[in-house]
Amino acid sequence: MFRRLTRPISPSARREERIFYLFILPWLIGLVLFNAGPILGMLGLSFTDWRISLDDLQFIGLENYNALFADPIFWTSVGNTLYIVVGRVIFGTAFALLLAILLNQKVPGIPFFRAVYYLPTVTAGVAVALVWIWIFNPRLGILNYTLKQIGIQGPPWIYSSTWVKPSLILMSLFQVGPNMIILLAGLQGVPKELYESAEIDGAGNWAKFRNVTLPMLSPVLFFVIIISVVSSFQNFTEIRVMTEGGPGESSNVLIWYLWENAFIFLKLGISAAVAWIMFLILMALTGIQFRVGRRWVYYEGEAR
């Protein structure tokens, strides 16, 4: 006779399991109907030539993907997307961390400053984009006016193919509020005893930051980087309102390329293929981050 390797499930545990699935049933139905279903439908659509009318739906296999890979504008949009994603993630995470550290200080009025720095996040994206169009105006914008006061000739910003991507990265720093709040919560979770021990050992501010703050904050930083990469692929509003993919194709990112094919050229099969390529790129980047994260993310209590 073989020994039983698992404990029998008690009737009460089975009842709790049924109650659990009953409570999450609405979410599961929503996941299948509104997420999983459309995602799989989009995959099927990427193998078709479809221009709105159901009479035009025609299966063409991998032709959409072949057309994309042969299109130089597609590769330009991939390069533009990766450029903006890398810039937004690096500078946005660094800026959010700096703000979180500053807003973690015990000074009078700090709740007010926390609210002020988070406030731009709740502002409508179109309104923010319109304000930044004025800020980036080469002749009348406040940014170039300020630079002129200190003797610097400001660039043409979004009106230049050279400066449009740095401009969009600079603009993204305006809305780091959610990441700032997440990092602030992580900072407040670092045990004070670790700082006290570091001070006893003679550590200065930089040593405490490098040897205490960063290791303890690394899981939160890892999470912020993951969500920043995902959100950076979705920077559609500012492109639609401010640049429309220009000048030339210098700000034509994948999400804009998808929108153009779907709603201007009515090539829904092509746009579905772009959506799936974006999904695969995101999956690959996320997998790389999880693999690399094993080397620098520290989880308390985990054996190294």
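Moving on to the overall build of the protein. Summing up its helical and strand segments, the protein has 13 helices and two strands in all. Relative to the compact-globule value of 19 Å for 304 residues, the protein shows a C-alpha radius of gyration of 25 Å, a clear excess of over 25%. When the backbone C-alpha atoms are referred to their principal axes, the protein occupies close to 80 × 65 × 35 Å. Counting all 304 residues of the protein, 36% fall into the buried class.

Right, let's talk about a nonpolar patch on the surface for a bit. Together, Leu22, Leu25, Trp27, Ile29, Leu31, Val32, Leu33 and Phe34 make up an exposed nonpolar region whose accessible area comes to about 860 Å². You can see Ile29 is positioned in helix H1 (residues 11–45).

Evaluation of the coordinates by the stated rule reveals three salt bridges. The salt bridge partner of Arg88 is Glu238, with a shortest N-O separation of 3.1 Å. Here the residue Arg88 occupies a position in helix H3 (residues 72–102), and Glu238 occupies one in helix H11 (residues 237–243), the gap between them amounting to 150 residues. With a relative accessible area of 17%, Arg88 lands in the buried category. According to the relative accessible area criterion, Glu238 is buried, its value standing at 14%. Residue Glu244 pairs with Arg240 through a salt bridge whose shortest N-O separation is 3.0 Å.

So, on to the nonpolar core. By size, the foremost hydrophobic cluster in this structure holds 24 residues, and its most contacted members are Leu68, Phe74, Phe233, Leu254, Val274 and Met278. Looking at this core element by element, the count peaks at seven residues for helix H13 (residues 268–296). In contact with Leu68, other than residues within four places in its own chain, are Phe74, Trp75, Tyr257, Ile270, Ala273, Val274 and Ile277. Listed in part, the 15 residues of the second largest apolar core include Leu97, Ala100, Leu221 and Val224.

As a packed pair, H3 and helix H8 (residues 177–188) sit with axes 8 Å apart at the nearest point and diverge in direction by 50°. As the angle between them shows, H3 and H8 are arranged oblique. As H3 packs across H8, the resulting crossing turns out to be right-handed. Across the interface between the two elements, Thr93, Ala96, Leu97, Leu99, Ala100 and Ile101 from H3 touch Asn179, Met180, Leu183, Leu184 and Leu187 from H8. Of the residues in the contact of H3 with H8, the class split is nine nonpolar, two polar and no charged.

Tracing the chain through its elements places Val86 in helix H3. Along the chain, Val86 and Leu214 lie 128 residues apart, while their C-alpha atoms are 21 Å from each other.

On to the packing of aromatic side chains. Counted by the stated rule, this structure contains 19 aromatic pairs. Pairing Phe112 with Phe113 gives two aromatic rings, centres 5.5 Å apart and planes at 70°, and the pair type is edge-to-face. We classify Phe112 as exposed; its relative accessible area is 57%. For Phe113, a relative accessible area of 38% translates into the label partly exposed. Over the face of the ring belonging to Tyr83 we find Lys165, whose NZ or CZ atom lies 5.3 Å from the ring centre. Its guanidinium or amino end placed over the ring of Phe265, Lys267 lies 5.9 Å from that ring's centre, counting from NZ or CZ.

Where H3 contacts helix H10 (residues 205–232), the two axes come as close as 10 Å, and the packing angle between them is 135°. Considered as vectors, H3 and H10 are oriented oblique to each other. As H3 packs across H10, the resulting crossing turns out to be right-handed. Note on element contacts: H10 touches H3 through Phe209, Leu214, Leu217, Leu221, Val224, Ile225, Ser228, Val229 and Ser232, opposite Val85, Arg88, Val89, Thr93, Leu97 and Ile101.

Bringing unusual backbone geometry into the picture now. With an omega of -5°, the peptide bond running from Gly246 to Pro247 counts as cis. With respect to the helices and strands, Pro247 occurs in the loop between H11 and helix H12 (254–263). The backbone of Leu266 shows a phi angle near 55°, a positive value even though the residue is not glycine. Of note, Leu266 is situated in the loop between H12 and H13. For Leu266, a relative accessible area of 36% corresponds to the partly exposed category.

On to the environment of Gly177. One can find Gly177 in helix H8. Separated by 55 residues in the primary sequence, Gly177 and Val122 have C-alpha atoms spaced 9.2 Å apart.

About the criteria used
- Residues numbered from 1 in each chain as written.
- Predicted model: local features only at pLDDT ≥ 70, side-chain atom pairs only at ≥ 80, totals over all residues.
- Heavy atoms only, no water.
- Helix = DSSP H or I, 4+ residues; strand = E, 2+ residues; numbered from the N terminus.
- Rg over C-alpha atoms; globule rule 2.2 N^0.38 Å.
- Buried < 20%, exposed > 50% of the residue type's maximum accessible area, 1.4 Å probe, protein only.
- Patch = residues over 30% accessible without salt bridge, like charges linked within 9 Å, V, L, I, M, F, W, Y side chains within 5 Å.
- Areas by Shrake-Rupley, 256 points an atom, 1.4 Å probe, with all protein chains shown as cover.
- Salt bridge = Lys/Arg side-chain N within 4 Å of Asp/Glu carboxyl O.
- Core = buried A, V, L, I, M, F, W, Y, C linked by side-chain atoms within 4.5 Å.
- Contact = heavy atoms within 4.5 Å.
- Axes fitted to C-alpha atoms, helices over the stretch in contact; angles between N-to-C directions.
- Parallel < 35°, antiparallel > 145°, perpendicular 65-115°, else oblique.
- Left-handed = near helix turned anticlockwise from the far one by under 90°.
- Nonpolar A, V, L, I, M, F, W, Y, C, P; charged D, E, K, R; others polar.
- Phe/Tyr/Trp six-rings, centres within 6.5 Å; stacked < 30°, edge-to-face > 60°.
- Lys NZ or Arg CZ within 6 Å of the ring centre and 35° of its normal.

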